[in-house]
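Single-letter residue listing:
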Amino acid sequence: MHEDIAEVLFTKEQIREKVEELGKIISREYKGLNPLCVCVLKGAVPFMADLIREIDIPIEMDFMDVSSYGNSTRSSGVVRIIKDLETSVEGRHVLIVEDIIDSGLTLSYLVEMLKARNAASVKIITMLDKPERRKVDLSPDYCGYTIPDAFVVGYGLDYAEKYRNLPYIGILKEEVYAD
Ligand code: PRP
Ligand code: MN
Ligand code: MG
């Protein structure tokens, strides 16, 4: 285990099983719909990569990178698009793939934006959900694990861009971010 990790929440094996389970559900629910899986960079990359390989129906994938403005505007939920989709979502069944939902501000903005572009449907799949931190009324359509309000890293989740490559999800030691 990495020395900065206090506790492992979900092991590599648990994650593998959960992703397999989610892949089966998505394959069933999106049969015949050729969904567009939209990965929100960068945190969702490992989950997206694993999830699509557990889906046994045709899908397409695309990527978006967004960034929130300063703290004052963050509460309004306005996000800046750093990299937009290359695919037109008009008439498409869009599945947004996230690593974690925290305040929900990033996703509530994205969902509205994709609906405004006339997607046939917009749903959310997230590996982790932290409902205690929510600032807007939003819940995922598909979720791996619901977790308490702890500082988690690994499997795409970072602290200052570190730890994304850990194959498990763990709680970061307080001393690492307290300085
Ligand atoms: C994190 C996380 C989600 C978002 C959740 O991404 O990966 O995308 O924040 O927060 P919210 O529910 O409060 O909006 P971040 O903006 O840190 O970028 P990253 O994925 O590149 O780490
Ligand atoms: Mn992210
Ligand atoms: Mg981040």
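Residues numbered from 1 in each chain as written. Chains lettered and ligands numbered in written order. Predicted model: local features only at pLDDT ≥ 70, side-chain atom pairs only at ≥ 80, totals over all residues. Heavy atoms only, no water.

Visitor: Is there a simple way to explain the pairing of strand 2 (residues 36–41) in this structure?
Guide: The side chains of a regular strand alternate between the sheet's two faces. With five of six residues buried, strand 2 is to be regarded as a mostly interior element. With six bridges connecting them, strand 2 and strand 3 (residues 60–68) associate as parallel partners. Looking across to strand 3, one finds that Cys 37 is bridged to Met 61. As judged from the four bridges shared by strand 2 and strand 5 (residues 93–101), these two strands associate in the parallel manner. Each residue of the ladder has a partner; that of Val 38, found in strand 5, is Ile 96. (Buried < 20%, exposed > 50% of the residue type's maximum accessible area, 1.4 Å probe, protein only. Helix = DSSP H or I, 4+ residues; strand = E, 2+ residues; numbered from the N terminus. Pairing = 2+ DSSP bridges.)

Visitor: Explanation requested: helix 2 (residues 45–52) in the structure shown.
Guide: Three or more residues of helix 2 are buried, namely Phe 47, Met 48 and Leu 51. Down the axis of helix 2, the buried set is contained in an arc of 100°. They therefore lie on one face. (Arc of directions from axis to C-beta.)

Visitor: Where do I start with helix 4 (residues 105–116) in this structure?
Guide: For an α-helix the count is 3.6 residues per turn, leaving residues at separations of three or four pointing the same way. For helix 4, which comprises 12 residues, the first-to-last C-alpha distance of 17 Å matches the rise-based estimate of 16 Å (1.5 Å per residue) to within 8%. Within helix 4 the residues assigned to the buried category are Leu 105, Leu 107, Leu 110, Val 111, Met 113 and Leu 114. (Expected span 1.5 Å × (residues − 1).)

Visitor: Can you walk me through the layout of surface pockets in this structure?
Guide: Any empty space left between the atoms is revealed when a probe the size of a water molecule rolls over them. Roughly 170 Å³ of internal volume is contained in the second largest pocket. Lining the second largest pocket, in full, are Lys 12, Ile 15, Arg 16, Val 19, Asp 50, Arg 53, Glu 54, Tyr 155 and Pro 167. Of the residues forming the lining of the second largest pocket, the biggest block, four residues, is contributed by helix 1 (residues 12–29). Taken together, the residues of the lining of the second largest pocket break down into four nonpolar, no polar and five charged. (1 Å grid on protein atoms, 1.4 Å probe; cavity = no way out; pocket = protein on both sides within 12 Å on 5 of 7 lines; lining within 4 Å. Points joined across faces, edges and corners; volume = space filled by probe spheres on them. Nonpolar A, V, L, I, M, F, W, Y, C, P; charged D, E, K, R; others polar.)

Visitor: Please explain the pattern of salt bridges as it appears in this structure.
Guide: Pairing between side chains of opposite charge can happen when the charged atoms of each approach one another. Applying the stated rule across the entire model yields 14 salt bridges. Of the charged contacts in the structure, one is a salt bridge between Lys 83 and Glu 86, with a shortest N-O distance of 4.0 Å. The exposure class assigned to Glu 86 is exposed, which follows from its relative accessible area of 71%. Notably, a salt bridge pairs Arg 133 with Asp 102, separated by 2.6 Å at the nearest N-O pair. With Arg 133 in the loop between strand 6 (121–129) and strand 7 (142–146) and Asp 102 in the loop between strand 5 and helix 4, the pair connects residues that are 31 residues apart, well separated along the chain. Connected via shared salt-bridge partners are Lys 42, Asp 158, Glu 161 and Arg 164. (Salt bridge = Lys/Arg side-chain N within 4 Å of Asp/Glu carboxyl O.)

Visitor: Looking at this structure, I do not really get the sheet that holds strand 4 (residues 79–83). What am I missing?
Guide: Strand pairs in the sheet, formed through backbone hydrogen bonds, run parallel or antiparallel to each other. Ordered by their spatial adjacency, six strands build an open sheet running 4-3-2-5-6-7, and the pairing between neighbours is mixed. Only two strands of the sheet have a single neighbouring strand rather than two, namely strand 4 and strand 7. Strand-to-strand twist in this sheet, taken as the mean axis angle between neighbours without regard to direction, amounts to 30°. Relative to strand 6, strand 5 is paired through eight bridges, and the arrangement is parallel. Across the sheet, Leu 95 pairs through a bridge with Lys 123, a residue of strand 6. Helix 4 contacts strand 2, strand 3, strand 4, strand 5 and strand 6 of the sheet and is inclined by roughly 170° relative to strand 5. (Axes fitted to C-alpha atoms, helices over the stretch in contact; angles between N-to-C directions. Contact = heavy atoms within 4.5 Å.)

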